[in-house]
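# Breakdown of the fold
As a plain string of letters, each chain reads:
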Amino acid sequence: MDRDTGYLEVAKALLAGEGVVVESVKTSREALEMALSKRFDAILADYSLPELDSIGLLKTLRVQGNIVPFVLVTDPGREDVASMALREGADFYVYKSRDPKGHFAEVARVIRLLVEKSDAERQLRERDILYRTLFENTGTALVVYGPGGIIVHVNAEFERVTGYSRSEVEGVMNGFDLLAPEDRERGFELHSSKSDESC
């Protein structure tokens, strides 16, 4: 988004030539409405926008939980603006250039990298949700051990079966303490051999 229509048209044409599909708006209010109603891979915003500058737009998006990659475009010599944008959660910034073709080739490269990173992070979050859902709802008491047998995670079924709450065991209790005294040595050997295999 940019207030300068000529800059927008050049940006759209040159980014399209780099394989980037662009939807453009002239104000941050329009951008905010669009960002809240559709999913975008990234937002490229000029610092000086009417109504609400791009830092204000960025803050509003982040407060609302929108983590779309955000790239700020500003004039050379505006390190203060770039620094402020990064503090507020921008992913990258670029300075406007007198070489539009080279400038937008670099912008396209940055956008592609940020989109790849964002996609990888989203997939990781989805896997984490899946893992937690399976771990909690398996119907079997499950325990994850850390080094030395310290209990790192337990599920609800573990709490139900043993009577221990998570706060009583996670990071506090050694899992071998749950075993009958005569089984502890064997349990320690099994845990040690599994730990050695994973190294």
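Below or above, wherever it landed, is the structure these notes cover.

## Remarks on the packing of helix 2 (residues 28-37) against helix 3 (residues 54-63)
Look at helix 2 against helix 3: their axes get within 10 Å of each other, and the N-to-C directions meet at 20°. Classified by the angle their axes make, helix 2 and helix 3 are roughly parallel. The hand of the helix 2/helix 3 crossing is right-handed. In contact with Ser 28, Ala 31, Leu 32 and Ala 35 of helix 2, helix 3 contributes Leu 57, Thr 60 and Leu 61.

## Focus on the layout of surface pockets
Computed from the structure, the second largest pocket encloses a volume of approximately 240 Å³. Considering the residues around the second largest pocket, the lining is formed by 15 residues, among which Arg 39, Phe 40, Asn 66, Ile 67 and Val 68 are closest to the centre. Top contributing element to the lining of the second largest pocket by residue count: helix 5 (residues 100-137), with five residues. Considering only residue class, the lining of the second largest pocket consists of seven nonpolar, two polar and six charged.

## Comments concerning helix 3
What helix 3 keeps buried is the set Ser 54, Ile 55, Gly 56, Leu 57, Leu 58 and Leu 61. Where the residues of helix 3 are buried, they touch helix 2, strand 1 (43-46), strand 2 (70-74) and helix 4 (79-87). Two residues or fewer past helix 3, Gly 65 is found with a positive phi of approximately 85°.

## A few points about the nonpolar core
With 17 residues, the main nonpolar core has Ile 43, Leu 57, Leu 61 and Phe 70 as its most contacted residues. Breaking this core down by element, the ones donating at least two residues are helix 2, strand 1, helix 3, strand 2 and helix 4. No other element matches helix 3, which puts four residues into this core. Once residues within four sequence positions are removed from consideration, Phe 70 is found in contact with Ile 43, Ala 45, Ser 54, Leu 57, Leu 58, Leu 61, Arg 62, Ala 90, Asp 91 and Phe 92.

What counts and how
Residues numbered from 1 in each chain as written. Predicted model: local features only at pLDDT ≥ 70, side-chain atom pairs only at ≥ 80, totals over all residues. Heavy atoms only, no water. Axes fitted to C-alpha atoms, helices over the stretch in contact; angles between N-to-C directions. Helix = DSSP H or I, 4+ residues; strand = E, 2+ residues; numbered from the N terminus. Parallel < 35°, antiparallel > 145°, perpendicular 65-115°, else oblique. Left-handed = near helix turned anticlockwise from the far one by under 90°. Contact = heavy atoms within 4.5 Å. 1 Å grid on protein atoms, 1.4 Å probe; cavity = no way out; pocket = protein on both sides within 12 Å on 5 of 7 lines; lining within 4 Å. Points joined across faces, edges and corners; volume = space filled by probe spheres on them. Nonpolar A, V, L, I, M, F, W, Y, C, P; charged D, E, K, R; others polar. Buried < 20%, exposed > 50% of the residue type's maximum accessible area, 1.4 Å probe, protein only. Core = buried A, V, L, I, M, F, W, Y, C linked by side-chain atoms within 4.5 Å.

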